[in-house]
Amino acid sequence: MRPTLLLLFACIITVSAFGQEERKEYKNEFGLDATGFIRSILNFNIDPTFQMPYAPTYYLSYRRKFKPGNIRFAIGGSYGREDVPSVHSDTTMFQRNHSAINIRLGWEFTTELSKRWQAYYGLDLRATFTHSYNEVQFYNAGYANGRENRNEILGVAPLLGFRFRINDRISILAEGSFSLNWAKADRRDFFTPVNDTYPEKPDKNPPTIRSTYTLFAQPLSIFFVFDI
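Values in this document were obtained by computation on a predicted structure and should not be read as measured data.

A. Representation of the overall build of the chain within the structure. When its secondary structure is counted, the chain shows 2 helices and 9 strands. When the helices and strands of the chain are read in sequence order from the N terminus, they spell out α-β-α-β-β-β-β-β-β-β-β. When burial is assessed residue by residue, the chain has 29% of its 228 residues classed as buried. Per element, the accessible surface of the chain, about 15500 Å² overall, is 62% carbon and sulfur.

Dropping the structure here:
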């Protein structure tokens, strides 16, 4: 009788140990902005009379998880180019292009609200760099008037977000932030003669414009994230 009781007790201890085993922790997390996808499914538009396609600031996010908190990183951007024929020539082509890159790097702390819900809060350092080049904004007095713009924005942003766990490895995130930003804008105006009868003209470089401003980002962006 005693060996049977001992065996039963050992089985109970073993089952309890497996039942109390913590779920596996994944240290790396990748995320994709799914806001446009969600809006298209729900047919959600802020202003139905003026619909603009949704352009995410950050396409891809990454987290490295540690016990005290998480390192967070995200990146996004855009690029476009267009060749525009001259109205004064069948062979001359003018160029238009633009590029932008958005980067953020920060640290966040987490608080478990329930099995499915988690709150997180922290601070981001953000940077945005944009460049636009247009050789022909308009024509005037025998010249194609062009413009080049370079902008830099640096910011610091406290943030608050919420995570909903679909399962142990897949979650949905939404967060808001309030940023303080420092911006610098440089501009160059230049002139291209439409033919050889017009002389070259020097560029114009207006003074650099510097500004400081705050920006509140509402929690309207939704990220799907998955752990590996």
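B. Region of interest: the nonpolar core. One finds Y58, A74, Y120, L159, L173, F223 and V225 forming the largest nonpolar core, which totals 7 residues. Dropping the residues within four chain positions of it, V225 is found in contact with E29, F30, G31, S61, R163, R169, I170, S171 and L173.

C. View of the side chain of N97. Here N97 shows up in strand β4 (residues 93–112). Engagement of the side chain of N97 in a polar contact is seen with the side chain of Q95, the distance being 2.4 Å. Non-local contacts of N97, meaning those with residues more than four positions away in its chain, are made with G80, R81, H131, S132 and Y133.

D. Highlighting the environment of P68. If you trace the backbone, P68 turns up in the loop between β2 (60–65) and β3 (70–85). Taking the relative accessible area as the measure of exposure, P68 reaches 55% and is therefore exposed. The spatial distance from the C-alpha of P68 to the C-alpha of E108 is 8.9 Å, given a sequence separation of 40 residues. Residues within four places of P68 in sequence aside, it is in contact with W107 and F109.

E. How the structure looks around the pattern of salt bridges. All told, the structure shown has 19 salt bridges when counted by the stated rule. Across the pair K65 and D227 runs a salt bridge, and its minimum N-O distance is 3.1 Å. Here the residue K65 occupies a position in strand β2, and D227 occupies one in strand β9 (residues 222–227), the gap between them amounting to 162 residues. Across this residue pair, the class does not change: K65 and D227 are buried. In this structure, R188 and D203 form a salt bridge, with 2.9 Å as the shortest nitrogen-oxygen distance. One end of the pair, R188, is in strand β7 (residues 170–193); the other, D203, is in the loop between β7 and β8 (209–217), with 15 residues separating them in the sequence. Here the salt bridges share partners, and the residues they tie into one network are E29, R63, K65, R72, R104, E108, D124, R126, R163, E175 and D227.

F. Local environment of unusual backbone geometry. For A141, which is not a glycine, the phi torsion comes out positive at approximately 55°. By the secondary structure assignment, A141 is in the loop between β5 (117–140) and β6 (143–165). Owing to a relative accessible area of 60%, A141 belongs among the exposed residues under this scheme.

G. Geometry of the environment of N149. Within the fold, N149 resides in strand β6. By relative accessible area, N149 is classed as partly exposed at 22%. Setting aside residues no more than four positions away along its own chain, N149 makes contact with T130, H131, S132, D186 and R187.

Conventions and cut-offs
- Residues numbered from 1 in each chain as written.
- Predicted model: local features only at pLDDT ≥ 70, side-chain atom pairs only at ≥ 80, totals over all residues.
- Heavy atoms only, no water.
- Helix = DSSP H or I, 4+ residues; strand = E, 2+ residues; numbered from the N terminus.
- Buried < 20%, exposed > 50% of the residue type's maximum accessible area, 1.4 Å probe, protein only.
- Areas by Shrake-Rupley, 256 points an atom, 1.4 Å probe, with all protein chains shown as cover.
- Core = buried A, V, L, I, M, F, W, Y, C linked by side-chain atoms within 4.5 Å.
- Contact = heavy atoms within 4.5 Å.
- Polar contact = N/O pair within 3.5 Å; in protein donor to acceptor, adjacent residues only side chain to side chain.
- Salt bridge = Lys/Arg side-chain N within 4 Å of Asp/Glu carboxyl O.

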